[in-house]
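The residues making up each chain are set out below.
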Amino acid sequence: MRSFILHFKSAFLGLILFPLLALAQENDFKSYTQNLEGTDLKFDMVAIPGGSFNMGSPVNEAGRRPDEGPQHQVKISPFWIGKHEVTWDFFEPFVYKNQEISRSKVPLKQQVDALTRPTKPYVDMTWGMGKEGFPAIGMTQYSAIQFCKWLYARTGEFYRLPTEAEWEYACRAGTSGAYSHPAESKLDDYAWYKANSGNKTHPVGEKKPNPWGLFDMHGNVTEWTYDQYKPDAYSKFVGTIAQDPVIPFETLYPNSVRGGSYEDLPTDLRSASRRGSLAEWKQIDPQIPKSNWWLTGGTFVGIRVVRPLVAPSKEEIEAYYNREPIADF
């Protein structure tokens, strides 16, 4: 009987404390600036409230492709997302340990010092387009996830790639049209794309942000998501409300990128537009097997990071960061 009473008290306290804990998390949920301890590096994370939206495009949207449907309802939990695409200012200290050391005013922590870093690229991965304040480009999805692991070691916070659903939800920012701004005729105010980019990347944050304060969601560089790209992925969600959907990747190709880039047409920059990665993005890679880290032909691919409001368990975090790369021959 005493055991039953103790169990009941524990369960009752749980019913009281869990909502209070969730409420405390929600009350503390606001945009913030992440500093990298011991350096002058910092980046802004924007709080994205949870909610529901129609993912994909309606059948009458100009430029719509079959993989954007059927449109379906998705429910998203709160998360933070990078205000800007990740720049070389952050990616290079991850790639080059000596650069991280030179920018640090304190010795590197053991867990940071022991991280596996990308192989040194044999070409200038900026391709002469610009470095300071410019979006980092040409990393593989595996490399992007390992960058997130580096951020975790540096900050203690769990950063990851967005899911396709999170990315589109953040891009739309409560809108339902082809873009998160009023019309395609206004695209020059919000995006770098084929018509105005000069066929190169530009410093992040030069165009207008979307309604939630996120820059370059349309254009500049297309952004990795965590999802496997499947053209018919949406069909299984018809008639349901999908809660935080994700399509786990099982093969190296294709994985999903979003947002369009400096070399794309307006239709590729739409909020619902989808694209899968291609082996051709490594076509000038002379290594055998090809690099796990770099896309020597993917000069238009970059990243933006996400942090969920409710962090996963340590085991789940380690599983996310420590998955073995899929060989590319």
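## Digging into the pattern of salt bridges
For the structure shown, the criterion picks out 18 salt bridges. The salt bridge partner of E37 is K109, with a shortest N-O separation of 3.4 Å. Of this pair, E37 sits in the loop between β1 (32-35) and β2 (42-48) while K109 is found in the loop between α3 (97-103) and α4 (110-113), placing the two residues 72 residues apart along the sequence. Here R307 ties to E157 by a salt bridge, and the two come within 3.1 Å at their closest N and O atoms. Taken together, the residues span a long stretch of sequence, with R307 in strand β11 (residues 306-308) and E157 in the loop between α5 (141-155) and α6 (164-172) at a distance of 150 residues. According to the relative accessible area criterion, R307 is buried, its value standing at 16%. In this structure, a network of salt bridges that share partners links the residues E61, R65, E68, D268 and R270.

## A closer look at the nonpolar core
The nonpolar side chains of a soluble globular protein tend to be buried with one another. Core analysis: the largest hydrophobic core is formed by 51 residues, its most contacted members being F91, F147, L161, W224 and I303. Contributing elements (two or more residues each) for this core: β2, α2 (88-95), α5, β6 (222-228) and α8 (314-321). The leading source of residues in this core is α5, at seven residues. With sequence-adjacent residues up to four places away left out, L161 is seen in contact with Q141, A144, I145, C148, W224, T225, Y226, I303, R304, V306 and Y320. Ranked by size, the runner-up nonpolar core spans 21 residues in total, among them I81, A165, C171 and F237.

## Considerations on empty space enclosed by the protein
A probe as big as a water molecule, rolled over the atoms, marks out the empty space that is left. One pass over the structure, following the stated rule, counts three cavities of 30 Å³ or more. In this model, the largest cavity occupies a volume close to 260 Å³. If you go around the largest cavity, you meet 24 residues; those closest to its centre are T140, Q141, Y142, L252 and N255. Every element with two or more residues in the lining of the largest cavity is listed here: α5 and α8. Looking at which element gives the most residues to the lining of the largest cavity, the answer is α5, with four residues.

Parameters and conventions
Residue indices begin from 1 for each chain and proceed along its sequence in written order. Selection of residues for local features in this predicted model requires a pLDDT of at least 70, selection of side-chain atom pairs for listing and counting requires 80 or more, and totals for whole chains, interfaces and linings are taken over all residues. Hydrogens are left out, water is left out, and the side-chain values use all remaining heavy atoms of the structure. Just to be clear on terms, a salt bridge is a Lys or Arg side-chain nitrogen sitting within 4 Å of an Asp or Glu carboxyl oxygen. To qualify as a helix, a DSSP run of H or I must reach at least 4 residues; to qualify as a strand, a run of E must reach at least 2; elements of each kind are numbered from the N terminus. Whether a residue is buried, partly exposed or exposed follows from its accessible area with a 1.4 Å probe, protein chains only, as a fraction of its type maximum: under 20%, in between, or over 50%, in that order. Throughout, nonpolar core names a set of buried Ala, Val, Leu, Ile, Met, Phe, Trp, Tyr and Cys residues whose side chains join them through atoms within 4.5 Å. In this description, contact between two residues means that some pair of their heavy atoms is separated by no more than 4.5 Å. In this analysis a 1.4 Å probe is tested at points of a 1 Å grid over the protein atoms alone, and where it fits but cannot get out there is a cavity; an open set with protein on both sides within 12 Å along at least five of seven lines is a pocket; lining residues have an atom within 4 Å of a point. Grid points are joined across faces, edges and corners, and a volume is the space filled by probe spheres set on the points.

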